[in-house]
Amino acid sequence: MILRRLTNAFRKQDWFTVVIETLIVVLGVFIGLQVGNWNDAARDRTQEAIVLDQLEREFTSVVEAAKEAKVEADISLTATRQVLRAIRDGKEPEDPAAFLQTLGRAGGFESGPLEPVTLTELMTASGLSELSSPDLRTALIRYHETADYQRELASLVLQRVSAPHDGFHDAIYVNPDFSPELGNRLERYDWALMPGTRQQFQTIMYGKLGLSYGIDEQIARGEAVLAEIEKARK
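Counting restarts for each chain, with residues numbered from 1 along the sequence as it is written. Reporting in this predicted model follows two pLDDT cut-offs: at least 70 for local features of residues, and 80 or more for side-chain atom pairs to be given and counted; totals over whole chains, interfaces and linings ignore these cut-offs and use all residues. Side-chain calculation: all heavy atoms of the structure are included, whereas hydrogens and water are not.

Peer 1: Is there a simple way to explain the pattern of salt bridges in this structure?
Peer 2: Side-chain pairs of opposite charge can arise where the charged atoms are in close proximity. The salt bridge criterion pairs a side-chain nitrogen of Lys or Arg with a carboxyl oxygen of Asp or Glu, the two atoms within 4 Å. Overall, the coordinates contain ten salt bridges when judged by the stated rule. Between Arg 233 and Asp 53 there is a salt bridge, with its nearest N and O atoms 2.6 Å apart. Placement of the pair is Arg 233 in the segment after helix H7 (198-232) and Asp 53 in helix H2 (residues 15-89), with a sequence separation of 180 residues. A salt bridge links Arg 151 to Asp 148; its shortest N-O distance comes to 2.0 Å. Placement of the pair is Arg 151 and Asp 148 together in helix H5 (residues 134-162), with a separation of three residues, close to one helical turn. For the purposes of this entry, the term helix denotes a DSSP run of H or I that reaches at least four residues, the term strand denotes a run of E that reaches at least two, and both are numbered from the N terminus.

Peer 1: Whenever I open this one, the nonpolar core confuses me. Can you help?
Peer 2: It is characteristic of soluble globular proteins that their nonpolar side chains tend to be buried jointly. The term nonpolar core refers to a set of buried residues drawn from Ala, Val, Leu, Ile, Met, Phe, Trp, Tyr and Cys, joined through side-chain atoms within 4.5 Å. Each residue gets one of three labels from its accessible area relative to the maximum for its type: buried under 20%, exposed over 50%, partly exposed in between, using a 1.4 Å probe on protein chains only. Counting 25 residues, the largest nonpolar core has Val 83, Phe 99, Leu 103, Tyr 189, Met 194 and Phe 201 as its most contacted members. Residue assignment for this core shows that the elements contributing at least two residues are H2, helix H3 (96-106), H5, helix H6 (168-171), strand E2 (186-189) and H7. We call two residues in contact whenever any of their non-hydrogen atoms come within 4.5 Å of each other. If we ignore the near neighbours within four places in the chain, the residues touching Leu 103 are Val 83, Phe 168, Ile 172, Leu 186, Tyr 189, Met 194 and Phe 201. Ranked by size, the runner-up nonpolar core spans 16 residues in total, among them Leu 119, Leu 122, Leu 131 and Tyr 143.

Peer 1: Explain the packing of aromatic side chains here, please?
Peer 2: For any two aromatic rings, the description comes down to two numbers: the centre-to-centre distance and the angle of the planes. By convention, a stacked pair of Phe, Tyr or Trp rings (six-membered ring in the case of Trp) has centres within 6.5 Å and planes under 30 degrees apart, an edge-to-face pair has planes over 60 apart, and any other such pair is tilted. By the definition in use, this model includes four aromatic pairs. Ring centres 5.2 Å apart and planes at 75° place the aromatic pair Phe 99 and Tyr 189 in the edge-to-face group. Within this pair, whereas Phe 99 is found in helix H3, its partner Tyr 189 is found in strand E2, the two being separated by 90 residues in sequence. You can call Phe 99 buried: its relative accessible area is 5%. When the centroid spacing of 5.3 Å and the interplanar angle of 85° are considered together, the rings of Phe 168 and Phe 201 count as edge-to-face.

Peer 1: So what exactly am I meant to see when it comes to empty space enclosed by the protein here?
Peer 2: With a probe scaled to a water molecule rolled over the atoms, the places where space remains empty come into view. For cavity detection a 1 Å grid was placed over the protein atoms alone, and a set of points counts as a cavity when a 1.4 Å probe fits there but cannot get out; an open set counts as a pocket when protein lies on both sides within 12 Å along at least five of seven lines, with lining residues being those that have an atom within 4 Å of a point. Grid points are joined across faces, edges and corners, and a volume is the space filled by probe spheres set on the points. Applying the stated criterion across every chain, the model contains one cavity of 30 Å³ or more. Here the largest cavity is characterised by a volume of approximately 30 Å³. Lining of the largest cavity is provided by Ala 73, Ser 76, Leu 77, Phe 109, Glu 110, Lys 208 and Leu 211. Residue contributions to the lining of the largest cavity peak at three residues, all from H2. Polarity classes work like this: nonpolar for Ala, Val, Leu, Ile, Met, Phe, Trp, Tyr, Cys and Pro, charged for Asp, Glu, Lys and Arg, and polar for all others, with Gly in that last group. The residue makeup of the lining of the largest cavity, split by class, is four nonpolar, one polar and two charged.

Peer 1: Can you help me understand the side chain of Glu 115 in this one?
Peer 2: Here Glu 115 lies in the loop between H3 and helix H4 (117-124). The definition of a polar contact used here is a pair of N or O atoms within 3.5 Å, where within protein one atom must be able to donate a hydrogen and the other to accept one, and adjacent residues in sequence count solely through side-chain atom pairs. A polar side-chain atom of Glu 115 sits 2.7 Å from a polar atom in the side chain of Thr 120. With residues up to four places along the chain from it excluded, the contact list for Glu 115 reads Thr 120, His 144 and Ala 147.

Any link to function would need more than the numbers given here.
What follows is the structure, encoded as structure tokens:
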């Protein structure tokens, strides 16, 4: 309809009408584009709100899990220190049953919770760029770096704990009938072979110290993410 009026105005050389009709067309296009941009922005805000909710739920769980893991990690680290002190002193502990439990704790480790699923998806799909808060993006990247550190260090510690010929598995005997209800997974140990486990336990202790520090970082950086999520909502 507008194009027909423009054509007629051109034929009649009615320049005032041409200008008015042209302005109407330009204004209509502008308004249409602006409405589209508003719709896109609203859709982006809605999607970001969903992502923020997911991140908040997952990081709340992660921080709580990390705090629980920290307790277990410190118990395991303390047990490793106790085993090394017994080997250093060269005297078998007076309570073999209690020492067997200490060996069980010393032979395990805690690396902390896994990286939240939503963060992993954002990192792999370059979705971080879609978050409007630069501070939140930075906090998420920092947490991701800590999670990577924990995963790599835990793999190294596992290699040392499970190494078959480094002493520990020569000196201890695993209970083949072990179940969570029965308690300690170890059946007995050979004190005469315990000095041969010193090097392995020393290496494990270094790894556990790193893991304990890493869990502290997970807690601190996880809480930083939650704080930035709260700011991003304002």
